[in-house]
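# A closer look at the structure
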Amino acid sequence: SAVISQKPSRDICQRGTSLTIQCQVDSQVTMMFWYRQQPGQSLTLIATANQGSEATYESGFVIDKFPISRPNLTFSTLTVSNLSPEDSSIYLCTATRGQMSHEQYFGPGTRLTVT
Amino acid sequence: AQTVTQSQPEMSVQEAETVTLSCTYDTSESDYYLFWYKQPPSRQMILVIRQEAYKQQNATENRFSVNFQKAAKSFSLKISDSQLGDAAMYFCAYRSAMEYGNKLVFGAGTILRVKS
């Protein structure tokens, strides 16, 4: 198994600023993903964080708004830029060990409130 | 693109009774995986049960079982002998076995309330 931690666990940010969320896995994983979960709603994939290369973004999400880094096999960051109240959400980091792996590990999420 | 539909926003069950949560999905693929996840108020996602599409036998994990109907693209979760600790949001999720990567596509979720 793998344990994922996220920092911060929650934050309140001003409109127009940015927040960077860190995701740390306690062991090496192959794939890392970032999801958004708006209050009371489902999880929507933002992007796949690729180690050593640019992230792969899903439709509706762009790098300028959600820059992602993944410098190694255990760590990734998601930045939410130019914040607006619509960005208020929970952001979840997940990871798996490989394409054939059934197990998906979930972080505890970061609750972002934009005022 | 694959989609997952959970048509029950909320369900209630009496403690010790049985409840079934519905899930349908749409895909053109023949090989895939289906999951039920539980998300309690703590937000930590917990895997409840997994089904491989190539297996005809329905998966079972203790009090949790699924009814997998591949032709109908239906994947319901049955919880027997419901307990107060089962109260949570339940998500049905799909993962392709063909596409590189382990992206999960989630349904909208069903809130399960357990009454004592």
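In this report, we go over the structure that sits alongside the text. (Residues numbered from 1 in each chain as written. Chains lettered and ligands numbered in written order. Predicted model: local features only at pLDDT ≥ 70, side-chain atom pairs only at ≥ 80, totals over all residues. Heavy atoms only, no water.)

We now examine the overall build of chain A. In terms of helices and strands, chain A carries zero helices and eleven strands. Each helix (α) and strand (β) of chain A, taken in turn from the N terminus, gives the series β-β-β-β-β-β-β-β-β-β-β. Expected size for 115 residues packed as a compact globule is a radius of gyration near 13 Å; at 13 Å, chain A falls within 12% of this value. Each principal axis of the C-alpha atoms in chain A carries an extent, and together these give about 40 × 25 × 20 Å. (Helix = DSSP H or I, 4+ residues; strand = E, 2+ residues; numbered from the N terminus. Rg over C-alpha atoms; globule rule 2.2 N^0.38 Å.)

On to the interface of chain A and chain B. Counting residues at the interface gives 27 residues for chain A, matched by 23 residues for chain B. Between chain A and chain B the total buried area reaches about 2,000 Å² when both faces are included, carbon and sulfur atoms providing 50% of it. Our count for the chain A to chain B interface comes out at one salt bridge. One salt bridge connects A:Glu58 with B:Lys103, and the closest N-O pair in it is separated by 3.4 Å. (Contact = heavy atoms within 4.5 Å. Buried area = accessible area lost by both parts, 1.4 Å probe. Salt bridge = Lys/Arg side-chain N within 4 Å of Asp/Glu carboxyl O.)

Bringing the nonpolar core into the picture now. Residue and element names in this part refer to chain A. Of all hydrophobic cores here, the largest spans 27 residues; its most connected members are Met-32, Trp-34, Ile-46, Phe-66, Ile-68, Leu-78 and Tyr-91. At the level of secondary structure, the elements contributing two or more residues to this core comprise β3 (19-25), β4 (31-37), β5 (43-49), β8 (75-80), β9 (89-96) and β11 (110-114). Considering every element that reaches this core, the biggest residue donor is β3, with four residues. Apart from the residues within four sequence positions on either side, Ile-68 is in contact with Trp-34, Ala-47, Ala-49, Ala-55, Tyr-57, Ser-76, Thr-77 and Leu-78. (Core = buried A, V, L, I, M, F, W, Y, C linked by side-chain atoms within 4.5 Å. Buried < 20%, exposed > 50% of the residue type's maximum accessible area, 1.4 Å probe, protein only.)

This part covers the layout of surface pockets. Residues and elements named next belong to chain B. For the second largest pocket, the calculated volume is near 270 Å³. Every residue lining the second largest pocket is counted, 15 residues in all, and those nearest its centre are Gln-39, Pro-40, Pro-41, Arg-43 and Met-89. When residues of the lining of the second largest pocket are traced back to their parent elements, those giving at least two are β10 (88-96) and β12 (110-115). Tallying contributions element by element places β12 first for the lining of the second largest pocket, with three residues. Each residue belonging to the lining of the second largest pocket can be placed in one class, and the counts come to eight nonpolar, four polar and three charged. (1 Å grid on protein atoms, 1.4 Å probe; cavity = no way out; pocket = protein on both sides within 12 Å on 5 of 7 lines; lining within 4 Å. Points joined across faces, edges and corners; volume = space filled by probe spheres on them. Nonpolar A, V, L, I, M, F, W, Y, C, P; charged D, E, K, R; others polar.)

Pairs can form between side chains of opposite charge whenever their charged atoms are close. In the structure shown here, the tally under the stated rule is seven salt bridges over all chains. Residues A:Lys65 and A:Asp87 are paired through a salt bridge, measuring 2.6 Å at the closest nitrogen-oxygen approach. Residue A:Lys65 is located in the loop between β6 (56-57) and β7 (68-72), and its partner A:Asp87 is located in the loop between β8 and β9; the two are separated by 22 residues in the primary sequence. Judged by its relative accessible area of 5%, A:Asp87 is buried. A network of salt bridges, in which partner residues are shared, links B:Arg50, B:Glu52 and B:Lys55.

Bringing unusual backbone geometry into the picture now. With the exception of glycine, most residues fall at negative phi, and the peptide bonds are largely trans. Note that the residue after A:Lys7, namely A:Pro8, is joined by a cis bond; omega there is -5 degrees. Assignment of secondary structure puts A:Pro8 in the loop between β1 (4-7) and β2 (10-13). The residue A:Asn82 is not glycine, and still its phi comes out positive at about 45 degrees. The backbone of B:Lys73 sits at a positive phi, close to 55 degrees, despite the residue not being glycine. Within the fold, B:Lys73 resides in the loop between β8 (64-69) and β9 (74-79).

A separate point is the sheet that holds β8(A). Residues and elements named next belong to chain A. Spatially, β1-β3-β8-β7 is the arrangement adopted by the four strands of the open sheet, whose pairing is antiparallel. The sheet is open, and its two edges are formed by β1 and β7, each paired on a single side. Averaged over all neighbouring strand pairs, the angle between strand axes comes to 15 degrees, with direction disregarded. Taken together, the three bridges between β7 and β8 define a ladder with antiparallel strand orientation. Residue pairing in the sheet places Asn-72 in a bridge with Phe-75 of β8. (Pairing = 2+ DSSP bridges. Axes fitted to C-alpha atoms, helices over the stretch in contact; angles between N-to-C directions.)

Turning our attention to the pairing of β9(A). All names here are of chain A. Among the eight residues that make up β9, eight are buried, leaving the element largely enclosed by the rest of the structure. Sheet analysis places β4 next to β9, joined by seven bridges and oriented antiparallel. What sits directly across from Met-32, in β9, is Ala-95. Relative to strand β10 (residues 105-106), β9 runs antiparallel, the two sharing two bridges. What sits directly across from Thr-94, in β10, is Phe-106.

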